[in-house]
Every structure is written in C-alpha cells, then in structure tokens.
Amino acid sequence: MKKYDYLIVGAGLFGAVFAHEATKKGKTCLVIDKRDHIGGNIYTEEVEGIQVHKYGAHIFHTSKKEIWDYVNQFTEFNHFVNSPIAVYKDELYNLPFNMNTFHQLWGVRTPAEAKAKIQEQISRMHITHPKNLEEQALALVGQDVYEKLVEGYTRKQWGRECKDLPSFIIKRLPLRYTYDNNYFKDPYQGIPKGGYTRIIKKLLEGVQVCLKTDFFANREELTAQADKILFTGMIDEFYDYCYGELEYRSLRFETEVLDMGNYQGNAVVNYTDYEVPYTRIIEHKHFEFGTQPKTVITREYPAAWEKGKEPYYPINDPKNDELFDKYERRALEEKNVLFGGRLGMYRYMDMDKVIEEALNMAETELTYEEV
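Criteria and thresholds
- Residues numbered from 1 in each chain as written.
- Predicted model: local features only at pLDDT ≥ 70, side-chain atom pairs only at ≥ 80, totals over all residues.
- Heavy atoms only, no water.
- UniProt positions renumbered as here; feature names shortened; annotations may be inferred.
- Helix = DSSP H or I, 4+ residues; strand = E, 2+ residues; numbered from the N terminus.
- Core = buried A, V, L, I, M, F, W, Y, C linked by side-chain atoms within 4.5 Å.
- Buried < 20%, exposed > 50% of the residue type's maximum accessible area, 1.4 Å probe, protein only.
- Domains from an automatic or database assignment.
- Contact = heavy atoms within 4.5 Å.
- Axes fitted to C-alpha atoms, helices over the stretch in contact; angles between N-to-C directions.
- Parallel < 35°, antiparallel > 145°, perpendicular 65-115°, else oblique.
- Left-handed = near helix turned anticlockwise from the far one by under 90°.
- Salt bridge = Lys/Arg side-chain N within 4 Å of Asp/Glu carboxyl O.
- Pairing = 2+ DSSP bridges.

Q: Before we move on, could you go through the UniProt feature "domain: UDP-galactopyranose mutase C-terminal" (unreviewed entry) in the protein and cite the residues and values that matter?
A: Listed under "domain: UDP-galactopyranose mutase C-terminal" (unreviewed entry) in the UniProt record, and renumbered for this structure, are residues 148-348. Split by type, residues 148-348 is 23% helix and 23% strand. Its first and last C-alpha atoms lie 26 Å apart.

Q: I'd like a description of the nonpolar core, backed by residues and values.
A: Ranked by internal contacts, the top residues of the largest apolar core, which has 53 residues, are Leu7 and Phe215. Sorting elements by how many residues they give to this core places helix α5 (residues 133-158) first, with nine residues. For this core, the domains that each give at least three residues are domain 1 (4-77 + 188-247 + 314-370) and domain 2 (85-169). Excluding anything up to four places from it in sequence, phenylalanine 215 contacts Leu7, Val9, Ile32, Leu222, Thr223, Ile229, Phe231 and Phe238. In terms of nonpolar packing, the next biggest core, distinct from the first, is built from 48 residues, Val17, Val31, Phe80 and Ile355 among them.

Q: Before we move on, could you go through the packing of helix α3 (residues 99-106) against helix α4 (residues 111-125) and cite the residues and values that matter?
A: In the contact formed by α3 and α4, the axes pass within 10 Å of each other and the chain directions differ by 65 degrees. Classified by the angle their axes make, α3 and α4 are roughly perpendicular. Two packed elements cross with a definite hand, and for α3 against α4 that hand is left-handed. Counting all contacts with α3, which are made through Met99, Phe102 and Trp106, the residues of α4 involved are Pro111, Ala114, Lys117, Ile118 and Gln121.

Q: Outline the pattern of salt bridges, listing residues and values.
A: With the rule as written, the count across this model stands at 23 salt bridges. Across the pair aspartate 273 and lysine 89 runs a salt bridge whose closest N-O atoms are separated by 3.6 Å. Here aspartate 273 is found in the loop between β12 (268-271) and β13 (280-283), whereas its partner lysine 89 is found in the loop between β6 (85-88) and β7 (91-94), with 184 residues between them in sequence. Its relative accessible area of 9% is what places aspartate 273 among the buried residues.

Q: Hey, could you go over the sheet that holds strand β1 (residues 4-9) for me, with residue numbers and the actual values?
A: An order of β9-β2-β1-β10-β16 is seen for the five strands of this open sheet, with the pairing classed as parallel. A strand with exactly one partner marks an edge of an open sheet, and here the two such strands are β9 (208-210) and β16 (337-339). Between one strand and the next, the sheet's axes are offset by a mean angle of 20 degrees, whatever the strand orientation. Note that strand β10 (residues 226-231) and β16 share three bridges and pair parallel. Its bridge partner being in β16, isoleucine 229 is matched across the sheet by valine 337. Packed on one face of the sheet, helix α1 (residues 13-24) meets β1, β2 (29-32), β10 and β16 and runs near 165 degrees to β1.

Structure representation (structure tokens):
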C-alpha cells in the first residue's frame with residue numbers, strides 16, 4: 001500500500017483547493033513545494049503590519065457567485081476596487097480607458113465627443129487588416145491612447161517592439177464611455193482581510209505539507225509514496241523538455257519599506273512610458289485601506305525567462321501552443337498523473353478560474369474514484 005492517495009506538487013492555489021476537496025472526501029494528500037512557504041504566487045507576508053503581495057499584485061474578482069461563496073468560506077474579503085492610475089511622462093491618467101481618461105487626454109466631456117475623437121483618429125489610420133499588435137491597437141483605440149497608454153507598457157511587458165508582436169495578444173481594448181474607474185466588470189471583487197496566505201492555510205488544514213522539497217531532486221522516492229500525482233509545475237519540465245522548451249515571461253520585484261505614511265495614494269500605478277524600466281509600482285497598504293505609519297512599495301520589472309528563473313506568464317502564441325499540444329497529448333495518456341494550474345495547463349488564468357478548474361478536477365477525479 002502506498003502511504004498517500006495523492007502527491008500534490010505545488011502548494012499554490014490550485015494544489016491547495018484540490019488537497020482540501022480530496023481531504024474532505026477522506027483521501028490522504030502529501031503537498032510539497034520547493035519554496036519555503038505555502039501559497040505559490042499569491043503568497044502574502046506581513047511587513048510593518050502590512051500584507052505584502054510577494055509576487056505581484058493579486059486582486060480577486062469573479063462573475064461567478066459560487067466561486068465568490070467558496071473563497072469567502074475561508075476568510076472575509078474587503079470592498080477594494082481596482083482603479084489603477086497610469087503615469088506617462090509628467091501626465092496622469094485614470095484606467096481603464098473611460099470618460100475620465102478621455103477628458104484628461106482631450107478635455108472632452110460627453111461620450112459623443114469622445115467617440116468622435118477616437119473615430120476620427122482610427123479612420124485616419126486606414127487599417128483594415130491589422131498585421132501586428134501595433135496596427136491592431138491603433139485600429140481599436142487610435143493614436144493618442146495607443147502612444148500614451150499602450151505602446152510603452154506593452155513593449156516593456158513583452159520585451160519586444162509592438163510591430164513584432166502578433167495582433168491576437170490584444171483581441172480587444174475596452175473603451176468605456178462612462179465615468180467609471182473600476183478596472184474589472186465582475187460583480188464580486190475584493191482583497192482577503194489579513195492576506196491570501198490565510199486562505200491557503202485554511203485550505204491545507206489537516207493536510208501533510210513539506211516545504212523546501214524539490215520534486216525533481218527526489219522524484220522516485222516521492223512518486224513511490226502516492227497512488228497518484230497532481231503536478232502544478234511546468235509540464236515541459238515534468239517530461240524533461242522531451243519535445244522542447246515552452247516559453248514564459250518572468251518578473252522581477254524590488255520591494256522597499258519607506259518611512260512615510262503614504263507614497264503614491266493608490267494601490268497600483270502603471271508607468272506606460274517606455275523610458276521608465278518598471279511597468280508599475282504597487283503600494284500594498286492601499287489594498288486594505290491601511291493607516292500604518294510606514295509603507296511598503298514594490299516596483300515590478302518584466303524579465304525574459306530562462307531556466308532557473310520563476311515562470312509567470314505562459315506565452316500562448318501559435319508556436320508554443322503547438323508544442324504544448326504535444327505535451328498535453330502525452331499527459332492525457334497518463335493513468336496516475338494529473339496536471340493543473342497555469343504552468344501545468346500552460347495558460348494564463350485569473351485566481352477565480354484557477355479555483356474553478358481545481359474544483360472541476362476534484363469533482364471529476366474524486367467522483368470517478370468513488371465509482
């Protein structure tokens with residue numbers, strides 16, 4: 001007899017939700033993570049009484065009441081609404097693109113004036129079949145919005161010129177003709193009071209967790225301990241890159257504690273000018289309306305990914321998707337290995353989608369086990 005029903009590689013959101021559901025059904029799970037903490041990229045740690053989002057800002061939002069109800073079992077959420085500010089040179093704009101933004105750009109006050117301005121700029125371009133991201137964006141929002149709020153940020157994010165990026169990256173750039181700075185349209189939104197780590201702790205109550213444990217360094221020994229594996233790391237690494245390496249984008253964070261109460265007056269400030277090397281500055285206390293005497297800020301720098309660096313975003317272009325298909329076909333043949341999360345499934349997912357996918361997998365897997 002194996003010691004555990006499931007070995008779960010990765011103590012992030014996907015792994016924790018699955019472990020919680022499996023444990024409820026009487027299954028035994030061993031959760032391992034190579035980091036020295038649980039929570040994966042949603043991990044928060046307390047610094048100067050402030051919950052710091054260690055791996056970039058995470059703002060929970062969903063349109064699905066059942067997912068909202070699910071996370072609210074584990075902690076209480078506040079009423080934070082994501083309303084980022086964009087800084088371009090010495091100018092300041094509201095995001096997402098809405099009537100406040102259009103007024104700041106052109107002094108217009110009515111939706112009709114804003115629409116006319118944007119339409120005039122778009123028609124001047126004569127772009128009918130956008131060949132790249134630059135043309136796609138210009139055809140959607142016109143010159144001013146593109147140059148001041150899209151171009152520099154996108155170049156930094158992807159590490160390539162907009163002319164060299166495929167048009168499908170920007171399928172749409174929503175323009176809102178209302179005075180509304182709420183970035184997300186989802187009816188449920190907020191930040192967990194006391195941070196995300198608290199949620200993961202609750203999810204993993206009663207589950208055996210081993211941190212600082214590298215699956216690949218102890219693969220045989222760990223695999224021998226469980227009937228099945230749920231792997232939430234990089235699928236190409238699991239198969240020793242046998243079909244080639246999938247591509248990712250990485251991030252680098254620079255965090256500092258400042259001896260002041262309020263640095264930028266907003267949780268998220270994007271820097272859309274290409275000359276500024278970081279894409280945004282996060283001031284963590286504003287996620288929970290903090291009034292602590294000090295503040296903690298994080299500058300976020302996009303980075304090229306290479307082996308050994310932390311992968312954050314899968315690059316879902318046709319070349320990588322084709323390669324992933326090969327790995328996925330192989331994964332589907334596995335009897336005792338499941339793959340989950342954004343690295344195991346090689347796709348970008350918001351937190352609500354991660355939870356939904358983990359719950360779906362748990363339901364399929366654990367119902368099947370009962371039969």
